[in-house]
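Structure assessment
Below are the chains, spelled out letter by letter.
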Amino acid sequence: MKTYAIAAIPGDGIGTEVVAAGVEVLHALAGRDGNFKFRVDHFDWGSAYYKKHGIMMPEDGRDQIRKHDAILFGSAGAPDVPDHITLWGLRLAICQPFDQYANVRPTRILPGITSPLRNVHGKELDWVIVRENSEGEYAGVGGRVHKGLPLEVATDVSILTRAGVERIMRFAFRLAQSRPRKLLTVVTKSNAQRHAMVMWDEIAAEIAAEFSDVAWDKMLVDAMTMRMVMKPETLDTVVATNLHADILSDLAAALAGSLGIAPTANLNPERTYPSMFEPIHGSAFDIIGKGIANPIGTFWSAVMMLEHLGEPAAATRLMQAIERVTADKRFHTPDLGGKARTAEVTAAVMDSIYGAND
Ligand code: NAD
Ligand code: K
Ligand code: MN
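Going by an unreviewed UniProt entry, the chain carries the name D-malate dehydrogenase [decarboxylating] and comes from Bradyrhizobium sediminis. Under the heading Sequence similarities (unreviewed entry), UniProt records this for the chain: "Belongs to the isocitrate and isopropylmalate dehydrogenases family." UniProt annotates the chain under Function (unreviewed entry) with the comment "Has multiple catalytic activities. Apart from catalyzing the oxidation of (+)-tartrate to oxaloglycolate, also converts meso-tartrate to D-glycerate and catalyzes the oxidative decarboxylation of D-malate to pyruvate."

What follows is the structure, encoded as structure tokens:
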């Protein structure tokens, strides 16, 4: 029997609650399938670890998870540690060195869930946002001088490289090509950002020539927010820079019903390093410890993990279980307007996994 080694990094806040639920569901799936199992190693990295050791993860942390088949991540961020420390010390400290340059964020309206958009019920909104995940606005380059003085200067420099843009464009065009509509929207801001984003546009056009069967268009990021709300049915696959896609994908998640549902995969497509799967949401300070965090974003991320591991049947089984559960309003958590608790949703998904017919 195949055993997949999973590194579970729950991190902070509701990350610990939803990852625990995700691990339960993964074991249930493996039990139902019978052909594979999971060895889950837990890593207690995050803000509590930081308060004890002054770092978010150990110096050799990446070596400890380097050989795992995949990483299941929760969230990094606590009320009493600055966000730039938690983000750079844990999530980006894994994503960037492991070259997880393709961040894939599917969005659709699951059965039983209501979009805040009037007249949008399902098939009008079925997107995948591809976020460049290794450079751009989050390159980490910049500085701050004359702190507190009137002449203080601070910069965060956005850096795009030809190699980085070519690989994310090729990834996005290939993904668009694999979907029925074969449609890609390239998000840009090349009217204002006249160096890096102009190169971004030029490379998009170059890579498009390799994919003659994919229809593509270009959209300024500000106009894109409007299009997502007003004409959601005109979009399918979307590619954007690190910051633009970060913002657009939270909007996408809200339009599909809740931030708590949305999944993401941080992929190293070459498989030199493990890829990382996580809900797109953060620590959700306002609901920590209440037992009401929506675990669906983590379950859907586990679906993406199973696809990546090469277990498509298990991935389909889990997605079907998720959809049967969201279809039943008794299992809606408060973010969806219901009263269900994390544990009830988790139990319902596990029941559904066992009840599913082959
Ligand atoms: P957030 O995603 O934590 O929360 C935004 C809102 O959505 C809150 O009202 C929250 O209750 C709600 N929400 C989020 N996930 C939910 C879920 N599963 N179920 C029900 N409701 C849910 O965003 P924020 O408030 O901007 O950030 C809080 C902290 O999380 C910050 O420290 C931030 O840096 C961090 N963060 C981390 C990540 C990550 O690790 N990938 C992502 C986003 C934010
Ligand atoms: K997260
Ligand atoms: Mn975000």
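What to know about helix α6 (residues 196-208)
A rise of 1.5 Å per residue sets the reference length of α6, with its 13 residues, at 18 Å; its end C-alpha atoms lie 18 Å apart and thus fit the reference within 8%. For α6, every residue scored as buried is listed here: Met 197, Trp 200, Ile 203, Ala 204 and Ile 207. Viewed along the axis of α6, the buried residues span an arc of 115°, placing them on a single side of the element. Buried residues along α6 sit against α5 (162-178), β8 (183-188) and β9 (215-220).

Quick word on the pairing of strand β12 (residues 275-279)
Most of β12 is tucked away: five of the five residues are buried. Burial along β12 is two-sided: Ser 275, Phe 277 and Pro 279 and Met 276 and Glu 278, pointing in opposite directions, are all buried. Inspection of the sheet shows strand β3 (residues 70-75) paired to β12 by three bridges, in the parallel sense. Counted as the bridge partner of Ala 70 is Ser 275 from β12. Where strand β11 (residues 263-267) meets β12, four bridges bridge the pair, whose relative direction is antiparallel.

As for the UniProt feature "domain: Isopropylmalate dehydrogenase-like" (unreviewed entry) in the chain
Summarizing the sequence annotation, UniProt attributes the feature "domain: Isopropylmalate dehydrogenase-like" (unreviewed entry) to residues 5-349 in the numbering used throughout. Annotation note: span residues 5-349, helix share 39%, strand share 22%, distance between end C-alpha atoms 22 Å.

Things to note about unusual backbone geometry
Even without being glycine, Asp 99 reaches a positive phi, approximately 50°. In this structure, Asp 99 sits in the loop between α4 (83-95) and β4 (102-108). Asp 99 gets classed as partly exposed once you count the C-beta atoms within 10 Å, which come to 18. At Arg 271, a residue that is not glycine, the phi angle is positive and equals roughly 60°. Within the secondary structure, Arg 271 sits in the loop between β11 and β12.

Considering the sheet that holds β9
Strand order across the open sheet formed by ten strands is β2-β1-β3-β12-β11-β4-β5-β10-β8-β9, with mixed pairing between neighbours. Sheet topology places β2 (36-42) and β9 at the edges, where each strand pairs with a single neighbour. Neighbour-to-neighbour, the strand axes of this sheet turn through a mean angle of 25°, independent of strand direction. Across seven bridges, the pairing between β4 and strand β5 (residues 126-132) is antiparallel. Paired with Pro 106 across the bridge in β5 is Val 128. Relative to β9, helix α7 (residues 221-230) is tilted by about 110°, and along the sheet it contacts β8, β9 and β10 (237-240).

Here we look at the packing of helix α9 (residues 296-309) against helix α10 (residues 312-326)
Contact geometry for α9 and α10: axes closest at 7 Å, N-to-C directions at 160°. Of the possible angle classes, the one that applies to α9 and α10 is roughly antiparallel. Judged by the twist between their axes, the crossing of α9 over α10 is left-handed. Across from Ile 296, Phe 299, Trp 300, Ala 302, Val 303, Leu 306 and Glu 307 in α9, the residues of α10 making contact are Pro 312, Ala 314, Ala 315, Leu 318, Met 319, Ile 322 and Thr 326. Looking at side-chain class alone, the contact of α9 with α10 contains twelve nonpolar, one polar and one charged residues.

Notes on the site of ligand 1
As a structural note, the neighbourhood of ligand 1 is formed by 23 residues, with Gly 77, Gly 260, His 281, Gly 282 and Asn 294 the closest of them. With three residues, α4 is the largest single contributor of residues to the shell around ligand 1. Across the shell around ligand 1, the residue classes tally to nine nonpolar, nine polar and five charged.

A look at the nonpolar core
Counting residues in hydrophobic clusters, the biggest one holds 101 residues, and the most contacted among them are Ile 71, Val 239, Phe 277 and Leu 318. Among residues more than four places away in sequence, those in contact with Val 239 are Val 130, Ile 168, Met 169, Ala 172, Leu 184, Val 186 and Val 187.

Considering the environment of Val 165
You can see Val 165 is positioned in helix α5. Among the residues examined, Val 165 registers 25 C-beta atoms within 10 Å and is labelled buried. Residues Val 165 and Asp 201, spaced 36 residues apart in sequence, show a C-alpha to C-alpha distance of 9.5 Å.

Reading the values: rules and limits
By convention here, each chain's residues receive numbers from 1 onward along its written sequence. Just so you know, chain letters begin at A and ligand numbers begin at 1, following the order they were written in. Local features in this predicted model are restricted to residues whose pLDDT is 70 or higher, and side-chain atom pairs enter the listing and the counts only when it is 80 or higher, whereas totals over whole chains, interfaces and linings include all residues. UniProt positions are given in the numbering used here, feature names are shortened, and annotations may be inferred rather than shown by experiment. Strands here are runs of E lasting at least two residues and helices are runs of H or I lasting at least four, both read from the DSSP assignment and numbered beginning at the N terminus. Here the expected span of a helix is defined as 1.5 Å times the quantity of residues minus one. The burial criterion counts other C-beta atoms lying within 10 Å of a residue's C-beta, which is placed from the backbone; the residue is buried at 20 or more, exposed at 12 or fewer, and partly exposed between these limits. Regarding the arc, it is the one traced by the directions from the helix axis to the C-beta atoms. Throughout, a residue-residue contact means that the two C-beta atoms, derived from backbone geometry, are no farther apart than 7 Å. DSSP bridges decide pairing: two strands pair if at least two such bridges lie between them. Between N-to-C directions, angles cover 0 to 180 degrees, with each direction set by a line fitted to C-alpha atoms, over the stretch in contact for helices. In this scheme, roughly parallel covers angles under 35 degrees and roughly antiparallel covers those over 145, while 65 to 115 is roughly perpendicular and the rest are oblique. By definition, any crossing whose near helix is turned counterclockwise from its far helix by less than a right angle is left-handed, and any crossing with a clockwise turn is right-handed. As a working rule, the residues Ala, Val, Leu, Ile, Met, Phe, Trp, Tyr, Cys and Pro are called nonpolar, Asp, Glu, Lys and Arg charged, and the rest polar, with Gly in that last group. Nearness between a residue and a molecule or strand is assessed with a C-beta atom placed from the backbone; a distance within 6 Å qualifies. Note on terminology: a nonpolar core is any set of buried Ala, Val, Leu, Ile, Met, Phe, Trp, Tyr and Cys residues joined through C-beta atoms within 7 Å.

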